[in-house]
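# Examining the three-dimensional arrangement
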Amino acid sequence: MIPTIITSSKGRLEHLKQSIESWLAFTPCKIVVVDYDCPDGTHSWVLRELSGSRRVDTIALKPGEHTFNKGRALNAGVRQCMNRFAFFFDADTRVTADFWPWIQVRLAPGFDHKMFLAEPSAEAVDLTGVLGIRLDHFAAVGGYDESMLGWGSEDLDLRLRLFVAWKPETVFMPAGLFSPIAHDDALRTRFYDEKDKLQSHQRNLQRLVNKLEASTGVGIADHLKDPLIQSLFSCARKP
């Protein structure tokens, strides 16, 4: 079973070039790139430079707004995906040569009920966007919440909804399987109205908590008794 890698780009083409190079070199995965009105011309670059690769597909979204909506971009990528299973990677997430050998033996048997996450650790703080999941599970919980605005927590929101709905086996991928590209917070918040990353993250985290409590009827303190949810929130508090 060969999954698809789904990613998005708005002003991140230079990082994406490095990441795609690693995905093509170290995995057999198909790749879907969503150009979210990217000022760097990501869509055109993919068509021009990777037209010979049948593994890379690209779509161009023109939302008519300056701000970036990561959830909307990745949901659009899923609609383009023909496979049953996908990995979501940020544009600055390279993989190492160890990635595919490690993943391959864990995708089968029984991949259908697995959720792949980067391990919650100090080394993986830039890998919170990494997620591998069956796409019918993704669709059943409504995908990414496109009303989650600004930087932060949209990834945690999705994986918590997946966990609550399906209780999948959670497989933590070692940070050494990845080589994230370092960059400053100004680049992270460049296409958001709120430029304070911490404030944006905390606002979205509170929205996530409110939604979780409303949908389950269980307070966040009780949810945090689950070791997995506790570990996810522990990682989320260090944006």
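Relevant structure appears above.
Described in the following lines is the structure provided in the data block. (Residues numbered from 1 in each chain as written. Predicted model: local features only at pLDDT ≥ 70, side-chain atom pairs only at ≥ 80, totals over all residues. Heavy atoms only, no water.)

Counting buried positions along strand S2 (residues 30-36) gives six out of seven residues, so the element sits mostly inside the fold. Strand direction decides the pairing type here: strand S1 (residues 4-9) and S2, joined by six bridges, are parallel. Bridge pairing in S2 places Ser 9 opposite Asp 35. At this point the chain moves from S1, through helix H1 (residues 13-26), to the parallel S2, and the crossover so formed is right-handed. Where S2 meets strand S3 (residues 56-61), six bridges bridge the pair, whose relative direction is parallel. (Buried < 20%, exposed > 50% of the residue type's maximum accessible area, 1.4 Å probe, protein only. Helix = DSSP H or I, 4+ residues; strand = E, 2+ residues; numbered from the N terminus. Pairing = 2+ DSSP bridges. Right-handed = clockwise from strand over helix to strand, strands pointing away.)

Moving on: the packing of helix H6 (residues 154-166) against helix H8 (residues 197-216). Relative orientation of the contacting elements H6 and H8 amounts to 20 degrees, with a least axis distance of 10 Å. As the angle between them shows, H6 and H8 are arranged roughly parallel. Relative to H8, the crossing made by H6 is right-handed. The residues of H8 that touch H6, namely those facing Leu 156, Asp 157, Leu 160, Arg 161 and Val 164, are Leu 205, Leu 208, Lys 211, Leu 212 and Thr 216. Across the contact of H6 with H8, the residue classes tally to six nonpolar, one polar and three charged. (Axes fitted to C-alpha atoms, helices over the stretch in contact; angles between N-to-C directions. Parallel < 35°, antiparallel > 145°, perpendicular 65-115°, else oblique. Left-handed = near helix turned anticlockwise from the far one by under 90°. Contact = heavy atoms within 4.5 Å. Nonpolar A, V, L, I, M, F, W, Y, C, P; charged D, E, K, R; others polar.)

Here seven strands make up an open sheet; going across it, the order is S3-S2-S1-S4-S7-S6-S8 and the pairing mixed. Looking at strand neighbours, the two that pair on one side only are S3 and strand S8 (169-173), the edges of this open sheet. Going across the sheet, the axis of each strand differs from the next one's by a mean of 20 degrees, ignoring polarity. Summarising the sheet, strand S6 (residues 114-118) and strand S7 (residues 131-134) pair through two bridges and their orientation is antiparallel. In the sheet register, Leu 117 faces S7, and the bridge partner there is Leu 131.

Everything listed here is a matter of geometry and, on its own, says nothing about what the molecule does.
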